[in-house]
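# Breakdown of the fold
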Amino acid sequence: MPHYETEWFESLVAAAGSVIDEDPSISTDEACQKLQANVPESSTFRQLTESAGRYLNKKLTTRTPGRPTRQQFTLAVLACLLLENRIAHVKDSTRADENSSENVDDEDTLSLETRLARSIARAISPVFPQKPNSDSDGLDDANTQLCALLSAQCLAAADAGFKVLELLASRGPEILTTPDVLLTLIAYTNPAEEWTTPELAARATIILQQHFDSAEKFNSKKEDFMKTHILPTYLRPLFSRSSPSQPLITPSGRPSAYGQNPDARPSGLPDDSSKTKPWKFVDLRAVTVFEWTVSEADEDSTITNSWPLFVPVLLTLADDNSTSVRKRGLVILRKFLDKFPSRILNETGLNKVFEDTVLPTLSYLPSITPEEESVELLGPAYAVLRCLAMKLTGEKKIKLLDRVVREGILLGYFHAKEYVRIVDVLCREMGEVLMDMGVNAVKHLKDIIPMLSTILTDPFAFLHPPTLQSAIKALQVVLATCWPRIPDSPWQGEIINSLVLCWLNLHASDGSEDTFPAIRQALVHTADALAAVLATEVEEGKPAISLSEVVEPLVAKEQCLSQLFSVASSEGQDSELEC
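Residues numbered from 1 in each chain as written. Predicted model: local features only at pLDDT ≥ 70, side-chain atom pairs only at ≥ 80, totals over all residues. Heavy atoms only, no water.

Quick look at the confidence of the model for the chain now. Overall, the predicted model of the chain reaches an average pLDDT of 84, with 81% of residues at or above 70. Between residues 93-104, whose pLDDT stays under 50, and residues either more than four places distant or in other chains, the model counts 24 contacts. (pLDDT = per-residue confidence, 0-100. Contact = heavy atoms within 4.5 Å.)

So, on to helix H9 (residues 222-239). The terminal C-alpha atoms of H9 lie 22 Å apart, and with 18 residues this falls more than 12% below the ideal 26 Å at 1.5 Å per residue. Along H9, the sharpest kink reaches roughly 45°, centred on Ile-230 and followed within four residues by the proline Pro-232. The complete set of buried residues in H9 reads Glu-223, Phe-225, Met-226, His-229, Ile-230, Leu-231, Tyr-234, Leu-235, Leu-238 and Phe-239. Tucked into the core, H9 has its buried residues touching helix H7 (179-187), helix H8 (198-213), helix H10 (278-281), helix H11 (286-296) and helix H12 (299-318). (Helix = DSSP H or I, 4+ residues; strand = E, 2+ residues; numbered from the N terminus. Expected span 1.5 Å × (residues − 1). Bend = angle between axes of the 7 residues up to and from the residue. Buried < 20%, exposed > 50% of the residue type's maximum accessible area, 1.4 Å probe, protein only.)

Turning next to the packing of aromatic side chains. All chains considered together, the criterion is met by 13 aromatic pairs. Where Trp-8 meets Phe-9, the ring centres are 5.8 Å apart and the plane angle is 80°; that geometry is what we call edge-to-face. A single burial state applies to Trp-8 and to Phe-9, both of which are buried. On the basis of an interplanar angle of 50° and a centroid distance of 6.0 Å, the ring pair of Phe-290 and Phe-310 is categorised as tilted. Here the residue Phe-290 occupies a position in helix H11, and Phe-310 occupies one in helix H12, the gap between them amounting to 20 residues. Phe-290 gets classed as buried once you look at its relative accessible area, which sits at 0%. A residue is classified by how much of its surface remains accessible, and Phe-310, at 0% relative accessible area, is buried. Connected via pairs of aromatic rings, a cluster forms that spans Phe-290, Trp-307, Phe-310, Phe-336, Phe-340 and Phe-354. (Phe/Tyr/Trp six-rings, centres within 6.5 Å; stacked < 30°, edge-to-face > 60°.)

Here you go:
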């Protein structure tokens, strides 16, 4: 059987299609058993490898996924490998056919097993195939159905494809050393992707771990692969035509020495197409591979030495107009900042670059942005900014947190106070930010206390308990951080008024003391904290304030308030006994 004849393999793939059509839910092992009769009685490993390569080049050059040939292909290859007595493994001492369409990128230097592994990786990769020298206009960028279809086909083909890769890897770890294979395996390590599952993610992780553990002798360590291939060779070309809306960095990934040029900002709608964003519409592996790189990269070697290669990708993802991509970019940026040395962040001015990229996300509020999408974005955005602030020191840190409070929390509440889920997020983030600011938060009391008072005294606040709990916790943080400015100030009466009205509203909502026990307990705890703050002698010679004396007229009028101010009342009774 001449090696250039591929009809037998095409017939085997067609037979695999018939098996799938008969029973779409058939398992991989059962399908291979049914295909055994269609495997030639005698062939060579070279014939299998070259036939598989030619078949892929012929069938997977259309932009539209079409018929599920990927699953048929992986099943056909696996059926052949499982019948070792029919596939003779001749010693690979000759070069590949020069006319072979697989003979690219030093193809003749690769072993047959490596070439077959690369073909399998192509078959299960969530990448839209293209004809040579063609553009990317064949894909309707607005149609996510094609991406979903491609992901479904890769998922269907993945089980058989992984079994082939596992069989090949058992022959030697160097077989899976080509970038295409490793990148595809990395793309399967995230179980949240549409084209994989937790089981496949675990298998991919094991294969990668085994490969990198044994790769030292083959000069292909994980960190070297990141620095020499993933970042400069794979990701950089994919993201080279994408740029964030604020061009604050140079093409090398370093901060621009001249700051932002308003004339350089793109005008009109963002160019969301496969030409400018192939990482989003062509090679769907890119974001997953980048996230894996950030998670696995070593802080001392890869992050510290290669950070300029990370920055353009980070900014592009965190500034994307798609909610899902922007959210994921913010999550990845947070992981990166956790590893990024504070020294470099301060010396290079990257803190300002990240700050100006993320802050606009805080304005993604209803009604322009749907409430659901706004909630998804605000949490990760605030997390990034707080993490960034913790990397800074002195005045830089306080200035950033001040901007977060003013341009994020307060402005967000002003524009979206009628959306309870947004208010919930803002209150939660307020507590975190004020805790980071410490006593420096006192400058915001004039805005924070009225905001929290409005939320707590709303007669319908109990209809959404999470928001009420977040506001109470934020008030507790205010008492813990700004306590020197609370006693004998306008904020003292405002806080007491908020606690009293919130307690009365809860009491009137049902009349049962067992209603909202968590909220009631939080209010009592807040009242206890206020009593402790007022009992503290802030200035020498200035007497402490007894909360029990302040609220005594209120308790006399509303007996239910005695439970709210229980600690204050007991302290008052103790003082009377001592006298």
